[in-house]
Structures are given as C-alpha cells and as structure tokens.
Amino acid sequence: VQLQACGGGLVQAGGSLRLSCAASGRTFSTYAVGWFRQVPGKEREFVAAITWSGGSTYYADFVKGRFTVSRDNAKNTVYLQMNSLKPEDTAVYYCAARDHGGVYSPARHAGYDYWGQGTLVTVSS
C-alpha cells in the first residue's frame, strides 16, 4: 500500500489545518494508522493514532484537546485536524499504517509497516 500525506502549509499561530493520509494500492480499512512528526535534528515523535475501526484513538499529551484524528474507510483516508496551532507544532508530518496483528503500541515507530512521504506544516508566530 502507498500512503500520500497532504494538507500541510503555512499558518499563523492559533490557526488550523487538516492533514489527509490517502492510501492506494490496497484498501487500508483494516489498518491502524498513526501520525508522527519530525523536526530536523530531532527524532520522529508520535502525534496521534486511530485503530482500523476508528473505535479507539490515541494522542500525544502535547496535542490533546487541539488535534483530532479520524478516518473515512470508504475513502481510504485518515485525517488529522489540527486546531490552535503553535509555532512548536512546526514539523514534517508523516502518516503510517499497520497491517499486522499483535500488541499495538501506537507510539512505537517499528509497529508500522508503511510510511507516507510527509507533509510540511509551518506555524508562524
């Protein structure tokens, strides 16, 4: 499966963006999907994740109450709605999909099988 993340851009602090992660090649309605972000020189960090059914969502503490992850399996797309953006949210955002079973640790990079190319989010102060 190929993942395409889009929706990044330049926004002022306090503004909003919605990122999309579209899958092609195979339906990923049975996949858990995570969002991560990375700033140059720093490790990639977990942002949010959603299980295949959308029944469970997970968030990093620093985005709770501001970001919302959702999915539309009919469209093979997962979304990350980002509100109240801060300059420290500036990063390249990646989506990742997991298509195997076992214990799911949403924040664990190695638990995902496919990664998108990333989309840049820049928040100006």
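Scroll up for the structure.
Predicted model only: the values in this text are computed from it and were never measured.

S.K.: Teacher, can you tell me more about the pairing of strand 1 (residues 2-6) here?
M.R.: Residues in a regular strand point their side chains to alternate faces of the sheet. Side-chain alternation along strand 1 places L3 and A5 on a buried face and Q2, Q4 and C6 on a face that remains uncovered. Looking at chain direction, strand 1 and strand 3 (residues 17-24) are connected through five bridges and run antiparallel. For C6, the partnering residue across the bridge sits in strand 3 and is S20.

S.K.: How should unusual backbone geometry be read in this particular structure?
M.R.: What is expected of a backbone is that most residues other than glycine have negative phi and most peptide bonds are trans. Despite not being glycine, N76 shows a phi value in the positive range, around 55°. You can call N76 buried: its relative accessible area is 14%. The backbone of S84 shows a phi angle near 50°, a positive value even though the residue is not glycine. Structurally, S84 is set in the loop between strand 8 (77-82) and strand 9 (91-98).

S.K.: Explain the pairing of strand 8 to me, please; I cannot follow it from the model alone.
M.R.: The element strand 8 is largely enclosed, with a buried count of five among its six residues. Looking at chain direction, strand 3 and strand 8 are connected through six bridges and run antiparallel. Each residue of the ladder has a partner; that of L19, found in strand 8, is L80. Strand direction decides the pairing type here: strand 7 (residues 67-72) and strand 8, joined by six bridges, are antiparallel. Looking across to strand 8, one finds that F67 is bridged to M82. Here strand 7 folds back onto strand 8 in antiparallel fashion, the turn holding four residues, of which N76 has a positive phi close to 55°.

S.K.: What's the story with the pattern of salt bridges in this structure? I'm lost.
M.R.: Pairing is possible between side chains of opposite charge, provided their charged atoms come close. With the rule as written, the count across this model stands at four salt bridges. With its nearest N and O atoms 3.2 Å apart, the salt bridge here joins K64 to D61. Considered together, K64 and D61 belong to a single accessibility category, that of exposed residues. In this structure, a network of salt bridges that share partners links the residues R37, E45, R66 and D89.

S.K.: Can you help me understand the packing of aromatic side chains in this one?
M.R.: Pairs of aromatic rings are described using the distance from one ring centre to the other and the angle between the two planes. Tallying each qualifying case throughout the model produces seven aromatic pairs. Look at F36 and W115: their rings are 5.1 Å apart centre to centre, the planes differ by 50°, and that puts the pair in the tilted class. Placement of the pair is F36 in strand 4 (residues 32-38) and W115 in strand 10 (residues 114-115), with a sequence separation of 79 residues. Relative to Y112, the ring of Y104 has its centre 6.0 Å away and its plane inclined at 80°; by these criteria the two rings are edge-to-face.

S.K.: Please clarify how the sheet that holds strand 3 should be interpreted in this entry.
M.R.: Whether parallel or antiparallel, the strands of a sheet pair through hydrogen bonds between backbone atoms. Read from one edge of the open sheet, four strands run 1-3-8-7, paired in antiparallel fashion. Strands at the two margins of the open sheet, each flanked by one partner only, are strand 1 and strand 7. Across this sheet, the average inter-strand angle for adjacent strands is 15°, counted without regard to direction.

S.K.: Help me out: how do you make sense of the state of the cysteines in this one?
M.R.: By definition, a disulfide is the covalent link that joins the sulfur atoms of two cysteine residues. Throughout the structure, instances matching the rule amount to one disulfide. Between the sulfur of C21 and that of C95 lies a disulfide, 2.1 Å long from S to S. Its S-S torsion of about 70° marks the bond between C21 and C95 as right-handed, since a negative value means left-handed. With C21 in strand 3 and C95 in strand 9, this residue pair connects regions lying 74 residues apart in the sequence.

Procedures and definitions
- Residues numbered from 1 in each chain as written.
- Predicted model: local features only at pLDDT ≥ 70, side-chain atom pairs only at ≥ 80, totals over all residues.
- Heavy atoms only, no water.
- Buried < 20%, exposed > 50% of the residue type's maximum accessible area, 1.4 Å probe, protein only.
- Helix = DSSP H or I, 4+ residues; strand = E, 2+ residues; numbered from the N terminus.
- Pairing = 2+ DSSP bridges.
- Salt bridge = Lys/Arg side-chain N within 4 Å of Asp/Glu carboxyl O.
- Phe/Tyr/Trp six-rings, centres within 6.5 Å; stacked < 30°, edge-to-face > 60°.
- Axes fitted to C-alpha atoms, helices over the stretch in contact; angles between N-to-C directions.
- Disulfide = S-S within 2.5 Å.

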